[in-house]
Amino acid sequence: MKAIVKSGILLPQLRMVALSIFASGGSFAQEKITEDSKSNPMEIAFLLFDNYETLDVFGPVEIFGRLTDLYTLKFYSLDGGIIENKHGVSVLTEKLETVSANPYLLLIPGGMGTRKEVDNPSLIGQIKEKAGASSYVLTVCTGSALLARSGLLDGRQATTNKRAFSWVESMGPNVNWDKKARWKVDDKYYTSSGVSAGMDMALGFLADRHGIEFARNVAFEIEYNWIEDKDNDSFIAE
């Protein structure tokens, strides 16, 4: 099924088709992938640590998790086990070292926990190894500080939470930080601004892989007003 989009909004007749799919428990975007997909789902590895930011993780989880023919989601932490954040959201994780040798995508969230983890050499070492081997790496909010500490962002364009910009910038003095972008793409590295920007970036990633119509359909399914302009963030850097 090919969606017809006008100014980013599904035309009324296609809205009705989409709604009929939702009512049957299906996914409008998933319908196209089901027809085209010929390979096994690719793993998206979510790296967690104590006091991660809830939406940094579960915003992208909602987006990628709808595309079961394309992606499988797994949660990891340095030592495995239950990871909890300040909102009391606990997730059972596997050890980071058990991630496949060449993971498709590694997603690193932000949150207050990054203030401690930037000084955790074991975690930074694992990030450098796993991110280096991944096909793509996405960071949300201050998660870019962890990636910057690994050295993998040196000489690259990146952005981060505008309210914590100065601190993150200090974690990667050799990174070309963009104070204006909502999210930034440099080769396989995607970095985003704060919290909800991770959802915009995740949709942007889908647009880059599967086309803008596909990403808009996913945003429509979750009733999310996607900010498509990656180069301009409404929040201002400190």
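Residues numbered from 1 in each chain as written. Predicted model: local features only at pLDDT ≥ 70, side-chain atom pairs only at ≥ 80, totals over all residues. Heavy atoms only, no water.

Undergrad: I tried to follow the pattern of salt bridges on my own but got confused; where do I start?
TA: In a structure, side chains of opposite charge can pair up when their charged atoms sit close to one another. Under the criterion given, the structure shown has eleven salt bridges. Of the charged contacts, one joins E221 and R66 as a salt bridge, the two residues approaching to 2.8 Å between their closest N and O atoms. Separated by 155 residues along the polypeptide, E221 in helix 9 (residues 212-221) and R66 in the loop between helix 3 (54-65) and strand 4 (71-77) bring together distant segments of the chain. Its salt-bridge partner being K184, residue D178 comes within 2.7 Å of it at the nearest N-O pair. As far as the burial class goes, D178 and K184 line up, both buried. Members of the salt-bridge network, linked through shared partners, are K162, R182, D200 and D233. (Salt bridge = Lys/Arg side-chain N within 4 Å of Asp/Glu carboxyl O. Helix = DSSP H or I, 4+ residues; strand = E, 2+ residues; numbered from the N terminus. Buried < 20%, exposed > 50% of the residue type's maximum accessible area, 1.4 Å probe, protein only.)

Undergrad: Just to check I follow, could you spell out the packing of helix 3 against helix 8 (residues 197-210) for this structure?
TA: In a packed pair of helices, the relevant descriptors are the angle between the two axes and the axis-to-axis distance. One can describe the packing of helix 3 onto helix 8 by two numbers: an axis separation of 8 Å at closest approach and a directional angle of 30°. The two elements helix 3 and helix 8 cross, and the hand of that crossing is right-handed. For the pair formed by helix 3 and helix 8, the contact residues are L55, G59, P60, I63 and F64 on the first element and G198, M199, A202, L203, F205 and L206 on the second. Residues of the contact of helix 3 with helix 8, tallied by class, amount to nine nonpolar, two polar and no charged. (Axes fitted to C-alpha atoms, helices over the stretch in contact; angles between N-to-C directions. Left-handed = near helix turned anticlockwise from the far one by under 90°. Contact = heavy atoms within 4.5 Å. Nonpolar A, V, L, I, M, F, W, Y, C, P; charged D, E, K, R; others polar.)

Undergrad: What exactly am I supposed to notice about the pairing of strand 12 (residues 189-192) here?
TA: In regular strands, side chains alternate between the two faces of the sheet. Neither face of strand 12 is open: one carries Y189 and T191, the other Y190 and S192, and all of them are buried. Pairing analysis gives four bridges linking strand 11 (residues 183-186) to strand 12, with the strands arranged antiparallel. Bridge pairing in strand 12 places V185 opposite Y190. The antiparallel hairpin formed by strand 11 and strand 12 contains two residues in its connecting segment, where D187 sits at a positive phi of about 60°. (Pairing = 2+ DSSP bridges.)

Undergrad: What should I look at first to understand the packing of aromatic side chains in this one?
TA: Where two aromatic rings form a pair, the distance of their centres and the angle of their planes describe that pair. For the structure on display, the rule yields ten aromatic pairs. With a centroid separation of 5.6 Å and 80° between ring planes, the pair formed by F64 and Y71 is classed as edge-to-face. Under the relative-accessibility criterion, F64 is labelled buried at 0%. For Y71, a relative accessible area of 4% gives the class buried. For the pair F64 and F205, a centre-to-centre distance of 6.0 Å together with 80° between the ring planes defines the contact as edge-to-face. With F64 in helix 3 and F205 in helix 8, this residue pair connects regions lying 141 residues apart in the sequence. What makes F205 buried here is its relative accessible area of 0%. Geometry around W167 places R115 over its ring, the cationic atom sitting 4.7 Å from the centre. In this structure, R209 packs its charged tip against the face of F205, placed 4.8 Å from the ring centre. (Phe/Tyr/Trp six-rings, centres within 6.5 Å; stacked < 30°, edge-to-face > 60°. Lys NZ or Arg CZ within 6 Å of the ring centre and 35° of its normal.)

Undergrad: Is there a simple way to explain unusual backbone geometry in this structure?
TA: Leaving glycine out, the prevailing phi sign among residues is negative, and the prevailing peptide bond configuration is trans. In this model, D187 sits at a positive phi of 60°, which is unusual for a non-glycine residue. Structurally, D187 can be placed in the loop between strand 11 and strand 12. The phi torsion at V195 lies on the positive side, around 50°, for a residue other than glycine. With respect to the helices and strands, V195 occurs in the loop between strand 12 and helix 8. Accessibility expressed as a relative area gives 26% for V195, which makes it partly exposed.

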